[in-house]
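Observations on the three-dimensional arrangement
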Amino acid sequence: MRHCSVQVRGLLTREELDRYNALIEVGSYLEDQSRYDLAYNIQKEIDLLILPAIERLKDKSRARDRATAEYLESLRGENDEDEDE
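Calculation criteria
- Residues numbered from 1 in each chain as written.
- Predicted model: local features only at pLDDT ≥ 70, side-chain atom pairs only at ≥ 80, totals over all residues.
- Heavy atoms only, no water.
- Helix = DSSP H or I, 4+ residues; strand = E, 2+ residues; numbered from the N terminus.
- Rg over C-alpha atoms; globule rule 2.2 N^0.38 Å.
- Buried < 20%, exposed > 50% of the residue type's maximum accessible area, 1.4 Å probe, protein only.
- Contact = heavy atoms within 4.5 Å.
- Areas by Shrake-Rupley, 256 points an atom, 1.4 Å probe, with all protein chains shown as cover.
- Lys, Arg positive; Asp, Glu negative; His and termini not counted.
- Charge placed at Lys NZ, Arg CZ, Asp CG, Glu CD.
- Axes fitted to C-alpha atoms, helices over the stretch in contact; angles between N-to-C directions.
- Parallel < 35°, antiparallel > 145°, perpendicular 65-115°, else oblique.
- Left-handed = near helix turned anticlockwise from the far one by under 90°.
- Core = buried A, V, L, I, M, F, W, Y, C linked by side-chain atoms within 4.5 Å.
- Expected span 1.5 Å × (residues − 1).
- Arc of directions from axis to C-beta.

Bringing the overall build of the protein chain into the picture now. A tally of helices and strands in the protein chain yields 4 helices and 0 strands. By the compact-globule yardstick of 12 Å for 85 residues, the protein chain is too spread out, its C-alpha radius of gyration being 21 Å. Projected onto its principal axes, the C-alpha positions of the protein chain cover 75 × 20 × 15 Å. The buried share of the protein chain, reckoned over its 85 residues, is 22%. Sequence-distant contacts in the protein chain: of pairs separated by 6 or more residues, those separated by 24 or more amount to 62%. For the protein chain, the accessible area works out to roughly 6500 Å², and carbon and sulfur atoms hold 51% of it. Considering the protein chain, the positive charge centre built from 13 side chains and the negative charge centre built from 21 side chains are found 11 Å apart.

Looking now at the packing of helix 2 (residues 14-32) against helix 3 (residues 36-49). Where helix 2 contacts helix 3, the axes come no closer than 9 Å and their chain directions differ by 165°. In terms of orientation, helix 2 lies roughly antiparallel with respect to helix 3. The hand of the helix 2/helix 3 crossing is left-handed. Between helix 2 and helix 3, the contacting residues are Glu16, Arg19, Tyr20, Leu23, Ile24, Val26, Gly27, Leu30 and Glu31 on the first element and Tyr36, Leu38, Ala39, Ile42, Glu45, Ile46 and Leu49 on the second.

We now examine the nonpolar core. Formed by 16 residues in total, the largest nonpolar core has its most connected members in Met1, Leu12, Tyr20, Ile42, Ile46 and Ile50. Sorting the residues of this core by element identifies helix 2 and helix 3 as the ones contributing at least two each. Top contributing element to this core by residue count: helix 2, with 5 residues. Beyond its immediate chain neighbours, meaning those up to four positions away, Tyr20 contacts His3, Cys4, Arg9, Leu12, Ile46, Leu49 and Ile50.

Another point: the environment of Val8. Here Val8 is to be found in helix 1 (residues 6-10). Considering only alpha carbons, one finds Val8 and Leu30, 22 residues apart in sequence, at a separation of 24 Å. Non-local contacts of Val8, meaning those with residues more than four positions away in its chain, are made with Ile50, Ala53, Ile54 and Leu57.

Taking 1.5 Å as the rise per residue, helix 3 with 14 residues should run 20 Å; its terminal C-alpha atoms sit 19 Å apart, in good agreement. Burial in helix 3 covers these residues: Ala39, Ile42, Gln43, Ile46 and Leu49. Down the axis of helix 3, the buried set is contained in an arc of 115°. They therefore lie on one face. Residues of helix 3 that are exposed and angled more than 90 degrees away from the buried face: Tyr40 and Leu48.

Written as structure tokens, this is what we have:
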């Protein structure tokens, strides 16, 4: 089974995380039993389950980028004021 990243796992809700852990456990068992045909379906479910957390991670990244841009713009504004004096 392919695990999602720690960053994505950290953004799963408690309910999503419980379901994720249960699906990973079932998928691992199926792989141990060489039932890759069934494990594939479990992996698809996991991939769908983590999509909202991936979107939350992207939103956090966009917010961080906006904050960085605003900070850099404020620094430019301060430098422009210093040059005017």
